[in-house]
Number of protein chains: 2
Amino acid sequence: MRIILVGLGALGQGLLGHLGEQADSLLDAYGLRAKIVAALDTSGAVVQPAGLDPAVLLRTKRSRGGLAGLQPYFRPGRRALEIIHTVDADAVVEVTPTNILDGEPAMSHIRGALKARRHVVTANKGPIVLAMGYLTSLAEEMGAILRFSGTVGGGTPMLDLARHSLRGDRVVSIAGIVNGTTNYILTRMGEGLAFEEALEQAKKLGYAEANPAYDVEGTDAAIKLAILSNWAMGTRLRVTDVSARGIKEVTLADIERAQAQGKVIKLIARCDGKVASVQPELIPKTDPLNVPGPLNAVTYTTENVGPITLVGKGAGGRETAGALLRDLIDIHLRSK
Amino acid sequence: MRIILVGLGALGQGLLGHLGEQADSLLDAYGLRAKIVAALDTSGAVVQPAGLDPAVLLRTKRSRGGLAGLQPYFRPGRRALEIIHTVDADAVVEVTPTNILDGEPAMSHIRGALKARRHVVTANKGPIVLAMGYLTSLAEEMGAILRFSGTVGGGTPMLDLARHSLRGDRVVSIAGIVNGTTNYILTRMGEGLAFEEALEQAKKLGYAEANPAYDVEGTDAAIKLAILSNWAMGTRLRVTDVSARGIKEVTLADIERAQAQGKVIKLIARCDGKVASVQPELIPKTDPLNVPGPLNAVTYTTENVGPITLVGKGAGGRETAGALLRDLIDIHLRSK
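Bear in mind the structure is a predicted one, so any value in this text is a computation, not a measurement.

**Considering the pairing of strand β2 (residues 35-41) of chain A**
All names here are of chain A.
Then step 1. Most of β2 is tucked away, with 6 of its 7 residues classed as buried.
Then step 2. The pairing of strand β1 (residues 2-6) with β2 spans 5 bridges and is classified as parallel. Residue pairing across strands places I3 opposite I36, the latter belonging to β2.
Then step 3. One ladder, built from 5 bridges, connects β2 with strand β3 (residues 44-52); its direction is antiparallel. What sits directly across from A39, in β3, is V46.
Then step 4. The hairpin turn running from β2 into β3, its antiparallel successor, is 2 residues long.

**A closer look at the sheet that holds strand β7 (residues 146-147) of chain B**
Residue and element names in this part refer to chain B.
Then step 1. Reading across the sheet, the 7 strands line up as β4-β3-β2-β1-β5-β6-β7 and stay open at both edges, with mixed pairing between neighbours. Strands with a single pairing partner mark the edges of an open sheet, and in this sheet they are β4 (74-76) and β7.
Then step 2. This element, helix α1 (residues 10-21), spans β1 (2-6), β2 (35-41) and β5 (91-94) of the sheet and lies at about 150° to β1.

**Points about the domain arrangement of chain A**
Residues and elements named next belong to chain A.
Then step 1. Per the domain assignment, the segments making up chain A are domain 1 (2-155 + 317-335) and domain 2 (167-313).
Then step 2. Put simply, the middle of domain 1 and the middle of domain 2, counted by C-alpha atoms, are 29 Å apart.
Then step 3. Facing the 12 residues of domain 1 at the interface are 14 residues of domain 2.
Then step 4. Where domain 1 abuts domain 2, roughly 1100 Å² becomes buried across the two surfaces, and 76% of that area is made up of carbon and sulfur atoms.
Then step 5. The tally of links between domain 1 and domain 2 comes to 2 salt bridges.
Then step 6. One salt bridge connects E319 with K313, and the closest N-O pair in it is separated by 3.3 Å.

**A word on the pattern of salt bridges**
Then step 1. For the structure on display, the rule yields 36 salt bridges over all chains.
Then step 2. Note that E200 of chain A is salt-bridged to K203 of chain A, the shortest N-O span being 3.9 Å. Of this pair, E200 of chain A and K203 of chain A both sit in helix α9 (residues 195-204), 3 residues apart, roughly one helical turn.
Then step 3. The class for K203 of chain A is partly exposed, based on a relative accessible area of 30%.
Then step 4. Between R334 of chain B and D330 of chain B there is a salt bridge whose closest N-O contact spans 3.1 Å. Linking R334 of chain B with D330 of chain B, this pair stays in helix α13 (residues 317-335), spanning 4 residues, or about one helical turn.
Then step 5. When salt bridges with common partners are traced through the structure, they connect R147, D330 and R334 of chain A together with R167 of chain B into a single cluster.

**Structural notes on the sheet that holds strand β7 (residues 146-147) of chain A**
Residues and elements named next belong to chain A.
Then step 1. The 7 strands are arranged β4-β3-β2-β1-β5-β6-β7 in an open sheet whose pairing can be described as mixed. Of all the strands in the sheet, just β4 (74-76) and β7 have a single pairing partner and so form its edges.
Then step 2. Pairing of strand β6 (residues 119-122) with β7, which is carried by 2 bridges, proceeds in the parallel orientation. Each bridged residue has a counterpart across the sheet, and for V120 the counterpart in β7 is L146.
Then step 3. This element, helix α13 (residues 317-335), spans β1, β5 (91-94), β6 and β7 of the sheet and lies at about 160° to β6.

**Describing the relation of the copies chain A and chain B**
Then step 1. For the match of chain A to chain B, the screw axis carries a shift of 0.0 Å, the RMSD comes to 0.0 Å, and the turn is 180°. With respect to symmetry, the two chain copies, as superposed, fit the operation of a two-fold axis. Among all residues of chain A, the one whose C-alpha sits closest to the rotation axis is L310 of chain A, at a distance of 2.3 Å.
Then step 2. An overlap of 100% is found between the interface residues of chain A and their copies at the interface of chain B, pointing to a shared contact surface.

**Details of the interface of chain A and chain B**
Then step 1. Listed by partner, the interface residues are 36 residues for chain A and 37 residues for chain B.
Then step 2. Where chain A abuts chain B, roughly 3000 Å² becomes buried across the two surfaces, and 55% of that area is made up of carbon and sulfur atoms.
Then step 3. The largest share of the area that chain A buries against chain B comes from R167, N304 and V305 of chain A, three residues that together contribute 21% of it.
Then step 4. On inspection of chain A and its partner chain B, the count reaches 2 salt bridges.
Then step 5. Run the count over chain A and chain B and you get 20 residue pairs in polar contact (both at pLDDT 80 or more).
Then step 6. Broken down by secondary-structure element, the contributors of at least two residues to the side of chain A that touches chain B are α2 (23-30), α7 (158-165), β13 (306-313) and α13 of chain A.
Then step 7. Here the side of chain A that touches chain B takes 8 residues from α13 of chain A, the largest share from any one element.
Then step 8. Of the residues assigned to the side of chain A that touches chain B, the class counts are 16 nonpolar, 12 polar and 8 charged.
Then step 9. The pairing of β13 of chain A with strand β13 (residues 306-313) of chain B spans 5 bridges and is classified as antiparallel. The partner of V311 of chain A across the bridge, within β13 of chain B, is T309 of chain B.

**Some points on the packing of aromatic side chains**
Then step 1. For the structure on display, the rule yields 4 aromatic pairs over all chains.
Then step 2. Sitting over the face of the ring of W231 of chain A, R163 of chain A holds its NZ or CZ atom 3.7 Å from the ring centroid.

**Considering the environment of F148 of chain B**
Residue and element names in this part refer to chain B.
Then step 1. Note that F148 resides in the loop between β7 and α7 (158-165).
Then step 2. Between the C-alpha atom of F148 and that of K125, which follows or precedes it by 23 residues, the distance is 8.4 Å.
Then step 3. With residues up to four places along the chain from it excluded, the contact list for F148 reads T122, I128, M132, T136, L159, I227, W231 and D327.

**Section: helix α11 (residues 219-232) of chain B**
Residue and element names in this part refer to chain B.
Then step 1. With 14 residues, α11 extends 20 Å between its outermost C-alpha atoms, agreeing within 8% with the 20 Å of an ideal straight helix rising 1.5 Å per residue.
Then step 2. Among the 14 residues of α11, 13 are classified as buried, and the element is accordingly described as predominantly covered.
Then step 3. A positive phi of about 70° marks G234, the residue just after α11.

Criteria and thresholds
- Residues numbered from 1 in each chain as written.
- Chains lettered and ligands numbered in written order.
- Predicted model: local features only at pLDDT ≥ 70, side-chain atom pairs only at ≥ 80, totals over all residues.
- Heavy atoms only, no water.
- Buried < 20%, exposed > 50% of the residue type's maximum accessible area, 1.4 Å probe, protein only.
- Helix = DSSP H or I, 4+ residues; strand = E, 2+ residues; numbered from the N terminus.
- Pairing = 2+ DSSP bridges.
- Contact = heavy atoms within 4.5 Å.
- Axes fitted to C-alpha atoms, helices over the stretch in contact; angles between N-to-C directions.
- Domains from an automatic or database assignment.
- Buried area = accessible area lost by both parts, 1.4 Å probe.
- Salt bridge = Lys/Arg side-chain N within 4 Å of Asp/Glu carboxyl O.
- Least-squares fit on C-alpha atoms with pLDDT ≥ 70 in both.
- Polar contact = N/O pair within 3.5 Å; in protein donor to acceptor, adjacent residues only side chain to side chain.
- Nonpolar A, V, L, I, M, F, W, Y, C, P; charged D, E, K, R; others polar.
- Phe/Tyr/Trp six-rings, centres within 6.5 Å; stacked < 30°, edge-to-face > 60°.
- Lys NZ or Arg CZ within 6 Å of the ring centre and 35° of its normal.
- Expected span 1.5 Å × (residues − 1).

Structure follows, in structure tokens:
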């Protein structure tokens, strides 16, 4: 499988790591020989139709000179769309930074790749929450496969569980903790830290961005809920359809009151197929969604087997890159 | 897909329920038209190559007369192997009672079905724990597919998660609560009930058998651990390779001592690829495996994405029948 890798941040690098370390086992277990024929960051592209060694690519990217160090393959300033259209490849992995306003530049990359009949793997929430329906239809029309496991739950296979492992069943509702930053903050507040202190800790540990509004106000969770629900229940939610309230108004007194009732306060994303919300909720301590720290969790309630909960890390370059790899394997097995 | 259903207990009846209720959606979503061409209980068989209506079959089975009421299709005293060999079918669903000593009669049914090149779906732990390797090889040799999702976790897709949703990753260890009865008893003991009282409650609620030794002494959990580990990690454990200690020696004092340390006592089945054990263990209250009542849970620790925990009901006819249905869909999609 010839792959164009668009984006060389933590995720792109994580994928290169897996592809390098697991080359033999991927070939053994799935017959997958992944060949990076082009890779791009903001400085330009490296292109080599015979395939670039993932380990060399990774080392070059991390060196001071960046991709320019990979001569004679470096082409400065080259843009992704041009590469997607001119370099022969089977799949495009799109891992540029997320933009939830218009999904760009990922939206154009994904659309361009699908129109060129290339399969697409992405962990980019922007295009998926804005246009899952359009993009999956486009993929189908072009005979290409679009996969986006890494958009929700990091490496935890939340989307895959809903569709594959619950075949023949119907998800009737979803409730989940899909933002690790706020879950970490609420967990620390449960130990007595004030909101601001807990937020500082989250920043120090790399869980929260410099501007944490996106997490704290519930936007990130609303985006992920829309993706989950549209995928698992076939709804057509836009982010603006999710009534979102973050954790800024949660006080230590609220948390103590909850604890006195044997409960905890969690930022719960919830959809019953009609109403979708993200808000602080009281849940019993014994609820499987009561997971600590930056963990994520989702409960699918299904018709045949009742509630099923999946818990795991919700972020991390290496972990989310594991989801990209799963998607590549899935495409490889389906397109054989 | 023409199906021979061997066994009409809670599981067989649960499957008939799903097939009856979901006939239209299975056809729509997967192109699956499931046709029961024969069904057996201990009284005999009903055979109808054109297919038996699942709802009628269910009603007949539950009526006082049993299968004999389904004239002219009833054949008294007919045995499963004979039906498997003489009735044309694509798949055999084997749901007779579990026997972990020699796996019979399920072992002969499954072997006979595979040798007749019929796909097999079972929730029967006996043959799977005794001979997973032999039976999967036999299936491969005959060009048939063998699936047994319902053997562990009831309707909770524990086996499927390990293989499908963690593709491209490697499970390095397993820890789980795979016996609902003992988890219920330990949960109630955590609320102050003595072992005997908690056991009585479990019996009243239908969680524990009249003879609960199989659960309480850890045998059931050891069987499930062997299946999980052989499936997810490629080990070749026999039940006797699992060092199993049940919950009979756990006292209320032990549980109080655990609580004083912020911990709980759970019957944990654990395998790191080499050593396999089932024993009461202290785990932190915040561990995702700390699930209450009769719930089951399993944590797979993987190379790429770290620990992932799946929680759900571990039993129930309707729920486990959901796993049988998933397996039938999987076979249908693979054998198309």
